[in-house]
Amino acid sequence: MKIDRLISIIMVLLEREKISASQLAEMFEVTRRTIFRDIEAINQAGIPIITYPGVHGGIGIMGEYKIEKRLFTVSDITALLTGLGSMHATMSSEEIMNAMAKVKGLIPEEQIREIELKSNQIVVDPMPWLGNKNLKLNLKDIRTALHERRLLSFQYSDQEGNKTRRKVEPYRLVLKDSNWYLQGYCSSREDFRIFRLSRVTDLELLEEIYTPREFDSSPLTPPDHNKITITLRIDSSLLDLMLELCGEENVEPCGNNKFTVKFPFTDNDFGYQMLLRLGDKCECLEPPHVRAELIQRIKAVLGVYEK
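What counts, and at which threshold
Residues numbered from 1 in each chain as written. Predicted model: local features only at pLDDT ≥ 70, side-chain atom pairs only at ≥ 80, totals over all residues. Heavy atoms only, no water. Helix = DSSP H or I, 4+ residues; strand = E, 2+ residues; numbered from the N terminus. Buried < 20%, exposed > 50% of the residue type's maximum accessible area, 1.4 Å probe, protein only. Pairing = 2+ DSSP bridges. Axes fitted to C-alpha atoms, helices over the stretch in contact; angles between N-to-C directions. Contact = heavy atoms within 4.5 Å.

### Quick notes on unusual backbone geometry
Move 1: Along the chain, Glu286 connects to Pro287 via a cis peptide bond; the corresponding omega equals 5°.
Move 2: In this structure, Pro287 sits in the loop between β11 (282-286) and α10 (288-306).
Move 3: Its identity is not glycine, yet Asp202 carries a phi of approximately 50°, on the positive side.
Move 4: Tracing the chain through its elements places Asp202 in strand β7 (residues 200-209).
Move 5: For Asn257, which is not a glycine, the phi torsion comes out positive at approximately 65°.

Next comes the structure, spelled out in structure tokens:
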């Protein structure tokens, strides 16, 4: 007898006036006999169950027992369904459908259509249009490793393209700025590390079980070293992006459909690549050493094409 199923059945009965045993059996993918055993266990636990005979009958909780009938508001359930819908990258379709069916079981019948419409108004899709086809498979294996506390082995490429084999205790998956990251304890480095999944290949889910270490679950943030503020002049086509990245207080108009931006910049290869991706819509005004480095990199790219 699964305790999570019993709790879910209680939540459904609290929300609805009555529901048939067949509906509950279909909702939780068990037999009617199992549902009747669960109902008896709930009744013995002190929650008064009442049965309604006839064609339109069913199972319910005595009305006097329901001090507060509505466990969730429309907004609450809409948020739950929206969140579940966004998890298709890390959960199988069957898992999502089962979870969504259980949540929908909490919806008052007269509000089902309204909530379904609202939950479909926002779609969160973290998967890229194009990209690594193995990413979804890796996410599935990493999720299994997280749940079962199993070690992972994979080949990892650093920013310079150097490849090393790693054995890692996985602790958390993070989706940040459209990229997936794995936080875990690397046995070869004897420390916690952050791995970008786009650089992970040949991932293996090992049978070895690990004992969890103390893990810092604070939000994922970039290191402070090499962090400086630079001044950019941007075209208006980049305005929305800069408002999102820097905030309105750091963006000012400077005429001719241009804006100056105080931009938080990481003074490394990643930072320069990010600025170069903005093309001719962005110019670094200062500091001089960042501007000079950008000019040098642009000349190097031009040299490749002039050959």
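### Digging into the environment of Ala41
Move 1: Its place among the elements puts Ala41 in helix α3 (residues 32-44).
Move 2: Of the residues examined, Ala41 reaches a relative accessible area of 23% and is grouped as partly exposed.

### Digging into the sheet that holds strand β10 (residues 258-266)
Move 1: The strand order across the open sheet built from 4 strands is β9-β10-β8-β11, with neighbouring strands paired in antiparallel fashion. Strands at the two margins of the open sheet, each flanked by one partner only, are β9 (251-255) and β11. Recorded for the sheet is a direction-independent mean angle of 40° between the axes of neighbouring strands.
Move 2: Where β9 meets β10, 4 bridges bridge the pair, whose relative direction is antiparallel. Bridge pairing in β10 places Val251 opposite Val261.
Move 3: Lying over the sheet, helix α8 (residues 239-246) contacts β8 (227-235), β9 and β10, oriented at roughly 40° with respect to β10.
Move 4: Most of the contacts of helix α9 (residues 269-276) go to β10, to which it runs at about 160°, and overall it touches β8 and β10.

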